[in-house]
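# Geometric and topological summary
In case you want the letters, here they are:
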Amino acid sequence: TACGQQDSNATAEPEFVPLAQDEATDAPERDVPETQDATDSVYELNTADMEATSTFVHVGDKILTQHGVNVTSYEAFGFDGEEEARAVLEPQLAELNALDHYEHTVEYGETHMTEEYFADYEAMDPADVVKLPGMDALDTTEDADYYSLAQTVDELESAGYTKVQ
């Protein structure tokens, strides 16, 4: 969800998605060919006020990238309309888009806004990952080596998401 501004009564993406400890200390870096065992997993949430899709590219439990698209009513975020949403979100989006390997856009419609974001967790600095919406509670200590799909799925499913691919 955009920058933590969602109404507390609306269903949101998880606020905490922990990093996990990588058991293979000599795991290959991301510069290996794309034909490695990378898999896409797609999760969706559909409510009266929101349609959200999160796509994870991962190798085993390790999430490499995440792409999300959320279509949400202004009302669900507690905004009166586009003008208020822009006033609140645009400064936050500018800060987020200053982070390397992360992109977040919002298109404003008449009654809804469409967010799209992309995070390359393999390339991002862990100090930047915790600046992302809902990621401030991540463990970025030396014991946390990667963003865990299993733990993320638990959080998504508890928030009402279902796996579609």
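Here goes a summary of the coordinates provided. Residue numbers restart at each chain and count upward from 1, following the sequence in its written direction. Since the coordinates come from a predicted model, pLDDT governs what is reported: local features require at least 70, and pairs of side-chain atoms require 80 or more to be given and counted, while whole-chain, interface and lining totals use all residues. Just so you know, side-chain values use all the structure's heavy atoms and leave hydrogens and water out.

Remark: nonpolar core denotes a set of buried residues (Ala, Val, Leu, Ile, Met, Phe, Trp, Tyr, Cys) joined through side-chain atoms within 4.5 Å. For every residue, the accessible area obtained with a 1.4 Å probe (protein chains only) is divided by the maximum for its type, and the residue is called buried under 20%, exposed over 50%, and partly exposed between those limits. In terms of nonpolar packing, the biggest core is built from 31 residues, with Tyr102, Tyr108, Met113, Tyr121 and Leu132 touching the most fellow members. Strands here are runs of E lasting at least two residues and helices are runs of H or I lasting at least four, both read from the DSSP assignment and numbered beginning at the N terminus. For this core, the secondary-structure elements that each account for two or more residues are strand S2 (39–46), strand S3 (50–59), helix H1 (74–77), helix H2 (82–97), strand S5 (102–108), strand S6 (112–120) and helix H4 (149–158). Among all residues touching Leu132, those that are not within four sequence positions of it are Leu96, Leu99, Tyr102, Ala119, Tyr121 and Met124. For this analysis, residues touch if any pair of their heavy atoms sits within 4.5 Å.

Within S3, seven of the 10 residues are buried, leaving the element largely enclosed by the surrounding structure. By the convention used here, strands pair only if DSSP detects at least 2 bridges between them. With eight bridges joining them, S2 and S3 adopt antiparallel strand pairing. When the sheet's bridge partners are listed, Asn46 is paired in S3 with Glu51. The antiparallel hairpin formed by S2 and S3 contains three residues in its connecting segment. If you look at the hairpin formed by S3 and strand S4 (residues 62–73), you'll find two residues sitting between the two strands, and Gly60 has a positive phi there, around 60 degrees.

Here we take up the pairing of S6. Across nine bridges, the pairing between S4 and S6 is antiparallel. From the neighbouring strand, Val71 faces S6, where its bridge partner is Thr114. Two elements, S5 and S6, share seven bridges in a ladder whose sense is antiparallel. Looking across to S6, one finds that Tyr108 is bridged to Met113. With antiparallel pairing between neighbouring strands as the criterion, S5 and S6 make up a hairpin whose turn holds three residues.

So, about the packing of aromatic side chains. In this scheme Phe, Tyr and Trp rings, the latter by its six-membered ring, pair at centre separations within 6.5 Å, and the angle between planes marks the pair as stacked below 30 degrees, edge-to-face above 60, and tilted otherwise. Summed over all chains, the structure comprises three aromatic pairs. When the centroid spacing of 4.4 Å and the interplanar angle of 70 degrees are considered together, the rings of Tyr121 and Tyr147 count as edge-to-face. One end of the pair, Tyr121, is in the loop between S6 and helix H3 (126–129); the other, Tyr147, is in strand S7 (residues 146–148), and 26 residues separate them in sequence.

Okay, the pattern of salt bridges next. We count a salt bridge whenever a side-chain nitrogen from Lys or Arg sits within 4 Å of a carboxyl oxygen from Asp or Glu. Within this structure, the stated rule accounts for three salt bridges. Between Lys62 and Glu122 there is a salt bridge, with the nearest N and O atoms lying 3.1 Å from each other. Here Glu122 lies in the loop between S6 and H3 and Lys62 lies in strand S4, a separation of 60 residues in the sequence.

Turning our attention to H2. The reported bend at a residue is simply the angle between two axes, fitted to the 7 residues ending at it and to the 7 residues beginning with it. Of all bends in H2, the biggest is about 35 degrees, found at Leu89, and the proline Pro91 comes one to four residues later. Buried positions along H2 lie against H1, S5 and S6.

Secondary-structure assignment places Thr152 in helix H4. Within 3.5 Å is the distance limit for a polar contact, defined as a pair of N or O atoms, with the added protein rule that one can donate a hydrogen and the other accept it, and that residues adjacent in sequence qualify only through two side-chain atoms. Within the structure, the side chain of Thr152 is placed 2.6 Å from the backbone oxygen of Ser148, a separation counted as a polar contact.

Interpretation in functional terms is not warranted from these geometric data alone.
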